[in-house]
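Chain by chain, the residues:
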Amino acid sequence: NAAMVGPRFVEAVSDLQPTRLLDVGGSIGHYTRMLCERFPELEATICDMPNTIELAHEAFADDPVGERVDYLTGDYLELDYGEASYDLVLLANVLHQESAESCAKIIEKSVRALKPGGHIVILDFMIDDKKCHDLFGCLFAVHMGTRGDTYSLAEMTTWLQQAGIKEVERRVIDDIRWVICARK
């Protein structure tokens, strides 16, 4: 669904002006491509499983943007993202697939990978703090069952602050999704 959401997402983060991106769980790079098109100086790394990275290689093979994309192959729960290497770490539709414990771990590793002043950006489905008012978010949480959840701004802010983030901003991009921009 990146084709529909992507333009609104890119507009929502256009003020960040990144030069080095880590797209955690980036799949075949839909959001990476859109960000590279928007920011001509951006160099990007897509992090995902080996079979998905093979598909990403194919997707970028004949694309001029592909010259600015490299890959970190493996399970994002287990990989080391590095330290102070990126000014933007993107978690697009990743956290809802994971337990709260795994989300905190992913965010901690993402924040460690950020340069000072860099941003972690979370694109996901929104739900209110009581988890009872955003109908789509509630239904999506039920759909995720025991593997993941729809997480509230309060939950995400807690994980971000525990990882050392001080500034957290929510940007709503449509009726069911938000972008959380958090600055290190």
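The notes below deal with the structure included here. Please read these numbers as outputs of a predicted model, since none were measured by experiment. (Residues numbered from 1 in each chain as written. Predicted model: local features only at pLDDT ≥ 70, side-chain atom pairs only at ≥ 80, totals over all residues. Heavy atoms only, no water.)

## Some words on the nonpolar core
Argument step 1. Counting residues in each nonpolar core, the largest one holds 29 residues, and the members touching the most others are Phe9, Leu35, Val121 and Val179.
Argument step 2. At the level of secondary structure, the elements contributing two or more residues to this core comprise helix H1 (2-12), helix H2 (30-38), strand S2 (43-48), helix H3 (50-60), strand S4 (86-92), strand S5 (114-125) and strand S7 (177-183).
Argument step 3. Among the elements that make up this core, the one with the highest residue count is H1 (5 residues).
Argument step 4. What Val179 contacts, discounting residues up to four positions off in sequence, is Phe9, Ala12, Val13, Val121, Ile122, Leu123, Glu169, Arg170, Arg171 and Ile173.
Argument step 5. One finds Tyr81, Val94, Val111 and Trp178 within the second-largest nonpolar core, a separate group that totals 28 residues. (Core = buried A, V, L, I, M, F, W, Y, C linked by side-chain atoms within 4.5 Å. Buried < 20%, exposed > 50% of the residue type's maximum accessible area, 1.4 Å probe, protein only. Helix = DSSP H or I, 4+ residues; strand = E, 2+ residues; numbered from the N terminus. Contact = heavy atoms within 4.5 Å.)

## Topic: helix H4 (residues 100-113)
Argument step 1. The terminal C-alpha atoms of H4, which comprises 14 residues, lie 20 Å apart, in line with the 20 Å expected from a rise of 1.5 Å per residue.
Argument step 2. All of the buried residues along H4 are Ser102, Cys103, Ile106, Ile107, Lys109, Ser110, Val111 and Ala113. (Expected span 1.5 Å × (residues − 1).)

## Notes on the pattern of salt bridges
Argument step 1. Overall, the coordinates contain 7 salt bridges when judged by the stated rule.
Argument step 2. Ionic pairing is found between Glu108 and Arg112, a salt bridge with its closest N-O pair at 3.9 Å. One end of the pair, Glu108, and the other, Arg112, are both in helix H4, 4 residues apart, so they sit about a helical turn from each other.
Argument step 3. Note on Glu108: relative accessible area 44%, which makes it partly exposed.
Argument step 4. A salt bridge links Arg171 to Glu169; the shortest N-O distance between them is 3.0 Å. (Salt bridge = Lys/Arg side-chain N within 4 Å of Asp/Glu carboxyl O.)

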